[in-house]
Structure formats: C-alpha cells, structure tokens
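Results of the structural survey
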Amino acid sequence: IGWINLPLIGASFILTFFFLRLRPVEGTFLQKLGLMDLLGMALFVAGCAAFVLPLSWAGALYPWGSWRTLLPLILGLVVLALFVVFERVPAQPVLPYRLFKSATAITTFLGGFLHGLVTYTLNTYLPLFYQAAFYETPLHASVTLLPMNVMSLFFSCVSPISVSYLRKYRVNIWTGWVFLTVGTGLLHIITPASSVHLRTGLPIVVSLGVGVLFTVLVLPVQASVASVDDTGFAVGLLVFFRLLGGLVGLAIGSTVFSSVFAKSIKALGTLPSSLATLENSQAAVGFIPQLRDLRGQVG
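Computed from a predicted structure; not experimentally measured.

Turning to unusual backbone geometry, a few remarks are in order. Phi at Y135 is positive, roughly 55 degrees, even though this residue is not glycine. For Y135, the position within the fold is in the loop between α5 (103–134) and α6 (138–144). We classify Y135 as partly exposed; its relative accessible area is 32%. Of note in this structure, R167 is not a glycine but carries a positive phi near 60 degrees. Along the chain, R167 falls in the loop between α7 (146–166) and α8 (170–186).

Here helix α3 (residues 38–57) crosses helix α4 (residues 67–86) at 155 degrees, and the two axes come no closer than 8 Å. Put simply, α3 runs roughly antiparallel to α4. Every pair of crossing elements has a handedness; the one defined by α3 and α4 is left-handed. When α3 is examined against α4, the residues L39, G40, L43, F44, A46, G47, C48, A50, F51, P54, L55 and W57 are found in contact with a partner set consisting of R68, T69, P72, L73, G76, L77, V79, L80, L82, F83 and F86. Classifying every residue of the contact of α3 with α4 by side-chain character gives 18 nonpolar, four polar and one charged.

We now examine α3. Here α3 contains 20 residues, and its C-alpha end-to-end distance of 29 Å stays within 8% of the 28 Å for a straight helix at 1.5 Å per residue. Against α4 and α12 (231–267) lie the buried residues of α3.

About the criteria used
Residues numbered from 1 in each chain as written. Predicted model: local features only at pLDDT ≥ 70, side-chain atom pairs only at ≥ 80, totals over all residues. Heavy atoms only, no water. Helix = DSSP H or I, 4+ residues; strand = E, 2+ residues; numbered from the N terminus. Buried < 20%, exposed > 50% of the residue type's maximum accessible area, 1.4 Å probe, protein only. Axes fitted to C-alpha atoms, helices over the stretch in contact; angles between N-to-C directions. Parallel < 35°, antiparallel > 145°, perpendicular 65-115°, else oblique. Left-handed = near helix turned anticlockwise from the far one by under 90°. Contact = heavy atoms within 4.5 Å. Nonpolar A, V, L, I, M, F, W, Y, C, P; charged D, E, K, R; others polar. Expected span 1.5 Å × (residues − 1).

What follows is the structure in structure tokens.
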C-alpha cells in the first residue's frame, strides 16, 4: 500500500512546481535565509523525533519501562519544552505564540488531537479485531469496514458543502462529536456472535463523526487567526495535533491490548504447543493469520 504514495507524490510535485503561485518575498537569498527560524526548526524536528519514536516501539520492540523507551521519550519532551521557550526569541518563529491567544484555536487544536486519537486507533484495531474474532482475512476485514470508510469520505465532503449553505459550522462540529462519541461506544455491542450486518453497519455511526470533524475543524482554526497570513500556520498546526493524537492513541491501544491480553492468557493456564507463542503478548497480532488454520484443523 505504501508504494501507492509514490506516483501520487510525484504527480503532486509536478503540479505544485508548475502551477502553485506564491506571493514573492522581498530581499536577497541570504536575507530570506536569515529570516528563517533555523534553530527553532532543528529543536522541533529533534524533539518530535525523540518523542515519537519511543511511542511507536513501546510495548512492541521494548517494554514501556525500558530505558530505551523512557530515555528518548523524556529527552524529546525536554527538547520540545526548550523549543516552546525559545520561540519567544525569533522575529518569525516556527510556532507563533499569537496562534494560541484564541480560546477557539486552543479548543480546536485539542479537538484535532482527540479526533486523531480515536480515528487512527479505530482504523488500526477494528480490522485486527475482525480478523481475530470472525476469522476474516485482511482483505475480507477491509471489505467489511469499507462502508465505514466510504461514508466517512462522504460526510467529510458533504459537511463543508452544508456549511457553505447554512453559513454556520458549530452545529456540524457538535453533531460530529456526538456521533463520534456515541458510535465509538456502540462498537462495544459487537461480539464474536454478531451478524455480518451488525459489524458492517454499526461502524457507519462512527464514520459520520470522523468524516465531519476531518474537514469542519479547519473552519474555526481559520476563523481564529487575526491575520490571513497565519492561516497556513494554523491549519498546519491542526494537522500536526491530529497526527500526534493518532500516534498517542496507537501507543495507548498497544499498551492496553498487551496488558489485558497477557492477563487473559495467563488466566488460562498452560497452553498447548500450538498456542504457546501467545504467552508473549507482543506476538499476538502476528499470530492472527494462524487462527484461521487452527480453526480449520479443529473443524
């Protein structure tokens, strides 16, 4: 799936190079270079990398209590804190403080973080649950959840169109959060005994909230900036918080799964040799394809 990105990125680069029109910046190349917050960029990249990497491998490659996880995580937080303090100095900072003076902006950034936390975690663990609980192949699980993703795309397109007619967006945001919250809670109803109609249709409730919030949260961020020149900054920051929320959500999901799975397996006592690998909770996800084979043998 990753290879699909390459031709899309290539086409986007060509279109951007030939058709994107930007307002020219006055001054020589060295003057323009001097205006860039190079130290702030370096602190931001280093801090994000150090903070993000241990979140991606915690509970998988290394335990949460390992120094390999804690050390870079703490260093990343320290560097990011230095970055926030330093951003008071540059004339044109990477992270303008003025973007956080609005309660609307702060609330929307927090909403973007929570939206990413729920969305990316659901899109990762729902297919795995369907494969493990219903013995579906990865492709079959994707087809089962296809209506959810199609409807999410549909609502993400329809919602801003409705705003252009209603000239209001708060109702869309409230509606999106209601459906995201209620829909996520309703997923608890799905059990290994659920029908294909239930496990296909119920996630559509979540998709309404996911789709609406993907596009409409951009509007209050744009409305919160005092200068139109800050619009790009604000929208980019919203995307950053959404992706950060997704990463944190995946880390939380991995930790909860490993902890609960390990306790449940331990309660079963000694496992047969064919299932002995499940005593290591980190190997559980990789074992899912073998469940279909074991089921066929038992059947």
